[in-house]
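Structural overview for review
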Amino acid sequence: MWSSAYNAVYNSNAVIEGIAASKSEKLHDNVRQKITAEAKFVRAFSYFYLVNFFGDVPLALTTDFNKTINMTRTPKAEVYSQII
């Protein structure tokens with residue numbers, strides 16, 4: 001459960017960062033917003049299950065390995081705040 005949920009979180013973060021960094025004119029604003037919203041939903045859904053199974057969990061909001069490698073657990077209330 002832990003690994004698959006964090007895999008979904010990582011992939012969601014990658015989509016969010018990729019869309020934000022894209023300069024393509026073919027990627028229209030309404031599509032950017034929709035894809036970003038869907039990725040944020042998947043990330044929030046994954047965190048919802050993580051905090052319900054494990055309580056406090058690391059809250060990774062980036063794909064940057066240097067920032068996430070030594071993350072400590074984030075209080076459940078902060079994770080819920082991010083979910084909302």
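Residues numbered from 1 in each chain as written. Predicted model: local features only at pLDDT ≥ 70, side-chain atom pairs only at ≥ 80, totals over all residues. Heavy atoms only, no water.

1. Focus: the layout of surface pockets
Applicable threshold: Two kinds of site are reported from a 1 Å grid over the protein atoms alone, namely cavities, where a 1.4 Å probe fits but cannot get out, and pockets, open sets with protein on both sides within 12 Å along at least five of seven lines, and residues are called lining when an atom falls within 4 Å of a point. Grid points are joined across faces, edges and corners, and a volume is the space filled by probe spheres set on the points. Each helix is a run of DSSP H or I of at least 4 residues and each strand a run of E of at least 2, with the numbering of both proceeding from the N terminus. Residue polarity follows a fixed list, in which Ala, Val, Leu, Ile, Met, Phe, Trp, Tyr, Cys and Pro are nonpolar, Asp, Glu, Lys and Arg are charged, and the others, Gly among them, are polar.
In this structure, the largest pocket spans a volume of roughly 200 Å³. As for the largest pocket, its lining consists of W2, Y6, V9, Y10, N13, P58, A60, T62, T68 and M71. Looking at the lining of the largest pocket element by element, the count peaks at 5 residues for helix 1 (residues 2-21). For the lining of the largest pocket, the class distribution of residues is 7 nonpolar, 3 polar and no charged.

2. As for the nonpolar core
For soluble globular proteins, nonpolar side chains are generally found buried alongside one another. Spelled out, the test is: Residue types Ala, Val, Leu, Ile, Met, Phe, Trp, Tyr and Cys, when buried and joined through side-chain atoms within 4.5 Å, form a set referred to as a nonpolar core. For each residue, the accessible area found with a 1.4 Å probe, counting protein chains only, is set against the maximum for its type, and the residue is called buried under 20%, exposed over 50%, and partly exposed in between. What makes two residues a contact is simply this: any of their non-hydrogen atoms within 4.5 Å.
One finds A5, Y6, V9, Y47, L50, V51, V57, L59, A60 and V79 forming the largest nonpolar core, which totals 10 residues. Residue assignment for this core shows that the elements contributing at least two residues are helix 1 and helix 2 (29-54). Excluding residues within four positions of it along the chain, Y6 makes contact with Y47, L50, V57 and P58.

3. Quick word on the side chain of T74
Convention followed: Polar contacts, as counted here, are pairs of nitrogen or oxygen atoms within 3.5 Å of one another; within protein the pair requires one atom able to donate a hydrogen and one able to accept it, and residues that are adjacent in sequence qualify only if both atoms are side-chain atoms.
In this structure, T74 sits in the loop between helix 3 (65-68) and helix 4 (76-83). Of the polar contacts made by the side chain of T74, one reaches the backbone nitrogen of L59; its length is 3.3 Å. Excluding residues within four positions of it along the chain, T74 makes contact with D56, V57, P58, L59 and V79.

4. Observations concerning the pattern of salt bridges
To keep it simple, the criterion reads: The working definition used for a salt bridge is a side-chain nitrogen of Lys or Arg within 4 Å of a carboxyl oxygen of Asp or Glu.
Under the counting rule described, the total for this entry stands at 1 salt bridge. In this structure, D29 and R32 form a salt bridge, with 4.0 Å as the shortest nitrogen-oxygen distance. With D29 and R32 both in helix 2 and 3 residues apart, the pair spans about one turn of that helix. Taking relative accessible area as the criterion, R32 reaches 16% and is therefore assigned buried.

Nothing here speaks to function; it is all geometry.
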